[in-house]
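Architecture and fold: a report
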There are 2 protein chains.
Amino acid sequence: MSKQDKPFRPKARRPRGFEDKTSDVVRAERRLIRAACDVYESWGFEPLETPAFEYADALGKHLPDDDRPNEGVFALTDDDDQWMALRYDLTAPLARYMAENFDTLPKPYRRYQFGSVWRNEKPGPGRFREFIQCDADSVGAPGPAADAEMIALAVNVMQAAGLKPGEFVVRVNDRRLLDAVLESVGAPGTDAGALQKLRVLRAVDKLDRLGEDGVAALLGEGRKDDSGDYTEGAGLGADGVKAVLRFVNSGDASREVALAKLEETVVWSEAGKAGLEALHAIHGVLDRLGVSDAHAAFDPSIVRGLGYYTGPVYEAELLLDLESDKGQPVRVGSVGGGGRYDDLVARFKGQDVPATGFSFGVSRFAAALSLLDRYNGRDRIKDELTVVLALEPERIGDYFALAQEIRAASGRPAEVCLAGSKNMAKQMKYADKRGARFVVMVGSEEREAGQVTVKDLKAGAEAAKGIESRETWTEERPGQVTVAAGDLIATLDKLRSAS
Amino acid sequence: MSKQDKPFRPKARRPRGFEDKTSDVVRAERRLIRAACDVYESWGFEPLETPAFEYADALGKHLPDDDRPNEGVFALTDDDDQWMALRYDLTAPLARYMAENFDTLPKPYRRYQFGSVWRNEKPGPGRFREFIQCDADSVGAPGPAADAEMIALAVNVMQAAGLKPGEFVVRVNDRRLLDAVLESVGAPGTDAGALQKLRVLRAVDKLDRLGEDGVAALLGEGRKDDSGDYTEGAGLGADGVKAVLRFVNSGDASREVALAKLEETVVWSEAGKAGLEALHAIHGVLDRLGVSDAHAAFDPSIVRGLGYYTGPVYEAELLLDLESDKGQPVRVGSVGGGGRYDDLVARFKGQDVPATGFSFGVSRFAAALSLLDRYNGRDRIKDELTVVLALEPERIGDYFALAQEIRAASGRPAEVCLAGSKNMAKQMKYADKRGARFVVMVGSEEREAGQVTVKDLKAGAEAAKGIESRETWTEERPGQVTVAAGDLIATLDKLRSAS
């Protein structure tokens, strides 16, 4: 195919909003995914992998960004003209899977899944259209004990990721409490006015970003943002706005105190009572599991943006003051969230199938962890990497055998330099670019004497700091030793343990 | 969103050609991916993750299935009306990445990647439109040593996957040898008649499936298959067909013998000499690495279906006689392949960038391994799973604490039964459906006596084989013991070590 009639040279570029992840990022994400999956498996959750595509009608329309084409998803038609769309989360596909396999699965069905999801959103800095989520869900358990389990799991994952007390919190609420507040100000509750309710939810969900005034505008008439775009409001009156804001501020660092405050606000409503009862039960289980107030708090400002939640909702937040590589403060905020979605499977089945789950945003979470000093070690592979120079190309097989010997003896990575030049300086430059720890050299002199030369690039760089003249450098050759070929492995081991 | 104006009940179903993978499959695939990645990392390859989408022009048109819409890919237009397509392999995205980051990357750049690829093909039994590939590539190394490295890597991965000598072989060839044969019969060589050459390649690639007569037809006039579909032939004359068939049959179990045979056939041609020289060099490196003839053989019938290969090509094949769960023989054949593709990055750069790589079909390979007895152990998780029954729902927190205790002490998975009924028989049924090893029960009696009851479902099932009457069963309660609450962990340990 290389010779085409019309030579065409495409530009090497990615579609906007998509990223290439290099080794540091990939390794940080894998570390986090493994920590989360180990926790999920230890709680009896099983892996499931659903496909990237679902029929569009099975996915439903739950994304907040509903002003985009195809409601924010990437969609296309199949051969038979049915619309398929790439999944925008891992929850909607689970609902489809559960409905399709309802009779054969144990109930509750606990599963975890991680993988890419795609959103056809406006790309921006740090806002990607493909990112990894890692979810655990429990389908078929109606009681708040299942919600408490998800919250404890989320706390466990934050801990397994290496976070310490005070560095994170999982904030918990129940949407039915907000329903009670809306009832109290004469706004429709659960059974009608779904759009108004959704607008209230989305307004409250923006408290973090817009502050009280911005949310008040969105709860009332509407709001024009800095770019001049206007968002229609939920249409609550002044009293309603005030009641909602009072409610969202009624959280407390102590779960007991928060429960007492909520009692006064919402207990006269049926929805409110149900929500409060759920929070009491969740509190009871968390207490017995040793999950403290510091790790899981009740916070009525948590509502989650997705439309499908029906009861308890939760959000995992980092409380760290992080700095970017350039010393800029980085605000991470929420790295995951979830809640109860009792109606999602019912969409297919027409019968009640209670469900609750939690989802971590792996890319965002791992990126934040990478900014912590404790993860700032050098890339494992590179620090242990040995590059064997190919100084006599006709003996390339010998160099491969040497690299093999190092791998077999130490379990550490080793590679032959295939930079395509027998020039030593060029090959050293390659080893340097690779960030290798050791270079192994066998030129004609070493070969005839049955020797190898080992250069410890780390020790060399250290030593070089104290050497002032080029002459001394060439004479002393810091970090470099020539030994009998049979002593190669022992020499590498010695150099490694010395640093 | 649960209350819509028009209630709509979608059918829970997947798009054709896509599959849900349950825990056994997911675990088998992960085991294989981990084995392969460990090998790649030990050879100094670094992970890279490119996005699912590429611009269509960057992907190029290399799929054999070019009679499908969009040339076999899933494509859609972005906001700015540019065509994007889901990747159909991991090689084309690597070429784009390499061209985009050429100046900053070390050369050669060795990377590995695994992930889903998508092909808009006609779905069929065992033929999926989304599957996982796991690739290693070396970009920037022109010599056959880099090809030898890829072949040795492939052999290492097959071994790391648990395969023994004689259970697999990596077959190696060089496409330039076939060019020499085509020259010899007056057919165009490398520089012209790309379409005819492609048809020859695809014909030879089907030798396995169609046999010599089928291939002969495709090399000549064309072939009508069983369904009546007609495939146009490469248009070679009788002598040409004969020469190609003689060539593809000139392999040998010994690499030395195969090289000698090839010498006679192709050495008078420049292309042939270059290809033969590459195979000699590959043989030299493989020998020094201890890769035997049994693990890597020269086989001129290997050409690979993709258009972009330019030199050495290789294919990993399973030699196992496998049987499906139903006792049917399963022919697996090729589980991976690759080769040199020196023009793929040049498409973007307009300058030569040599490259070579190998790709495993993870789903197909893992499915085959799962049919081997040695992998037929029960699911790790389930065999170790403990289900704590929730016999007194108002004490649910205590059951969670019990499960936590088991997890913390043994590192093994434990879960609370949240089946939504306090009925013991129903909860036992759940534990059974989950395939749990142990059930832990604390009813009011046990609680008041400070005891727990442990049921070993595995021992119980064993013992039950020897029990004939229901009365004896109820009396003996095989595999069941009641102990002091403090002895729970020790009891589980004892039961585990007894089996």
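These numbers come from a predicted model, not from an experiment. (Residues numbered from 1 in each chain as written. Chains lettered and ligands numbered in written order. Predicted model: local features only at pLDDT ≥ 70, side-chain atom pairs only at ≥ 80, totals over all residues. Heavy atoms only, no water.)

In this complex, chain A contributes 104 residues to the contact, which on the side of chain B involves 104 residues. Summing the contributions of chain A and of chain B, the shared interface buries around 9,400 Å²; its carbon and sulfur component is 54%. Where chain A meets chain B, there are 18 salt bridges. Note that D57(B) is salt-bridged to R13(A), the shortest N-O span being 3.3 Å. Between chain A and chain B we count 40 residue pairs in polar contact (both at pLDDT 80 or more) in total. Among the elements that make up the side of chain A that touches chain B, the one with the highest residue count is helix α1 (residues 23–42) of chain A (eight residues). Here the side of chain A that touches chain B is built from residues that sort into 48 nonpolar, 14 polar and 42 charged. (Contact = heavy atoms within 4.5 Å. Buried area = accessible area lost by both parts, 1.4 Å probe. Salt bridge = Lys/Arg side-chain N within 4 Å of Asp/Glu carboxyl O. Polar contact = N/O pair within 3.5 Å; in protein donor to acceptor, adjacent residues only side chain to side chain. Helix = DSSP H or I, 4+ residues; strand = E, 2+ residues; numbered from the N terminus. Nonpolar A, V, L, I, M, F, W, Y, C, P; charged D, E, K, R; others polar.)

Now for the domain arrangement of chain A. Looking at chain A, the domain boundaries give domain 1 (23–185 + 237–371) and domain 2 (379–498). A straight line from the C-alpha centre of domain 1 of chain A to that of domain 2 of chain A covers 50 Å. (Domains from an automatic or database assignment.)

Now for the side chain of S410(B). All names here are of chain B. For S410, the position within the fold is in helix α14 (residues 396–410). Here I406 takes part through its backbone oxygen, which lies 2.7 Å from a polar atom of the side chain of S410. Among the polar contacts listed, one links the side chain of S410 to the backbone nitrogen of R412, at a separation of 3.0 Å.

Below, the discussion takes up the packing of aromatic side chains. Two descriptors summarise a pair of aromatic rings, namely the distance from one centre to the other and the angle between the planes of the rings. The tally for this structure, following the rule as stated, stands at 23 aromatic pairs over all chains. Where F18(B) meets F74(B), the ring centres are 6.1 Å apart and the plane angle is 40 degrees; that geometry is what we call tilted. With F18(B) in the segment before α1 (23–42) and F74(B) in the loop between α2 (56–59) and β3 (75–77), the pair connects residues that are 56 residues apart, well separated along the chain. One aromatic cluster is present, built from ring pairs that chain together Y314(A), F358(A), F360(A) and F365(A). Taking the ring centre of F348(A) as reference, the NZ or CZ of R347(A) above it sits at 5.5 Å. Positioned over the ring face of W43(A) is R407(B), at 3.5 Å from the centre of the ring. (Phe/Tyr/Trp six-rings, centres within 6.5 Å; stacked < 30°, edge-to-face > 60°. Lys NZ or Arg CZ within 6 Å of the ring centre and 35° of its normal.)

Moving on, we come to the side chain of R304(A). Residue and element names in this part refer to chain A. Note on placement: R304 falls in the loop between β10 (296–298) and β11 (312–318). By relative accessible area, R304 is classed as buried at 17%. In terms of polar contacts, R304 uses its side chain to reach the side chain of E315, at 2.9 Å. Those residues in contact with R304 that sit more than four places away from it in its chain are R175, D205, Y309, V313, Y314, E315, S334, G336, G337 and G338. (Buried < 20%, exposed > 50% of the residue type's maximum accessible area, 1.4 Å probe, protein only.)

On to the relation of the copies chain A and chain B. Each copy of the sequence occupies a distinct position, and chain A is placed on chain B by a rotation of 180 degrees and an axial shift of 0.0 Å, giving an RMSD of 0.0 Å. Within this description, the copies of the chain are treated as partners about a two-fold rotation axis. It is L76(A) whose C-alpha, among those of chain A, lies nearest the rotation axis, at 3.3 Å. Both copies share a contact surface, since 100% of the interface residues of chain A are interface residues in chain B too. (Least-squares fit on C-alpha atoms with pLDDT ≥ 70 in both.)

The subject of this paragraph is the environment of G357(A). Along the chain, G357(A) falls in strand β15 (residues 355–361). Taking the C-alpha atoms as reference, G357(A) lies 25 Å from V181(A); in sequence the two are 176 residues apart.

Looking now at the pattern of salt bridges. Scanning the model with the defined rule gives 70 salt bridges over all chains in all. Between E415(B) and R110(A) there is a salt bridge whose closest N-O contact spans 3.0 Å. Placement of the pair is E415(B) in strand β17 (residues 414–416) and R110(A) in strand β5 (residues 109–118), with the two residues belonging to separate chains. Just as E415(B) is buried, R110(A) falls in that class too. Put simply, R496(A) and D493(A) hold a salt bridge, and the shortest N to O gap is 3.5 Å. Linking R496(A) with D493(A), this pair stays in helix α19 (residues 488–498), spanning three residues, or about one helical turn. A residue is classified by how much of its surface remains accessible, and R496(A), at 12% relative accessible area, is buried. Each of R14(A), D20(A), E54(B), R96(B) and E100(B) takes part in one network of salt bridges that share partners.

Here we come to unusual backbone geometry. Residues and elements named next belong to chain A. K107 connects to P108 through a cis peptide bond whose omega is 0 degrees. For P108, the position within the fold is in the loop between α3 (91–100) and β5. A positive phi is found at D81, a non-glycine position, where the angle reads about 65 degrees. Given the relative accessible area of 61%, D81 is considered exposed.

This part covers the environment of F102(B). Residue and element names in this part refer to chain B. Its location among the elements puts F102 in the loop between α3 (91–100) and β5 (109–118). F102 gets classed as buried once you look at its relative accessible area, which sits at 13%. Considered as a pair, F102 and V353 are 251 residues apart in the sequence and their alpha carbons are 9.7 Å apart. Aside from chain neighbours lying at most four places away, what touches F102 is K107, K349, Q351 and V353.

Now for the packing of helix α4 (residues 144–160) of chain B against helix α10 (residues 270–288) of chain B. Residue and element names in this part refer to chain B. In contact at an axis separation of 8 Å, α4 and α10 are set at 50 degrees when each is read in the N-to-C sense. Put simply, α4 runs oblique to α10. Note that α4 runs across α10; the crossing there is right-handed. Of the residues in α10, those touching α4 at P144, D147, A148, I151 and A152 are A278, A281, I282, V285 and L286. Its residues placed into classes, the contact of α4 with α10 shows nine nonpolar, no polar and one charged. (Axes fitted to C-alpha atoms, helices over the stretch in contact; angles between N-to-C directions. Parallel < 35°, antiparallel > 145°, perpendicular 65-115°, else oblique. Left-handed = near helix turned anticlockwise from the far one by under 90°.)

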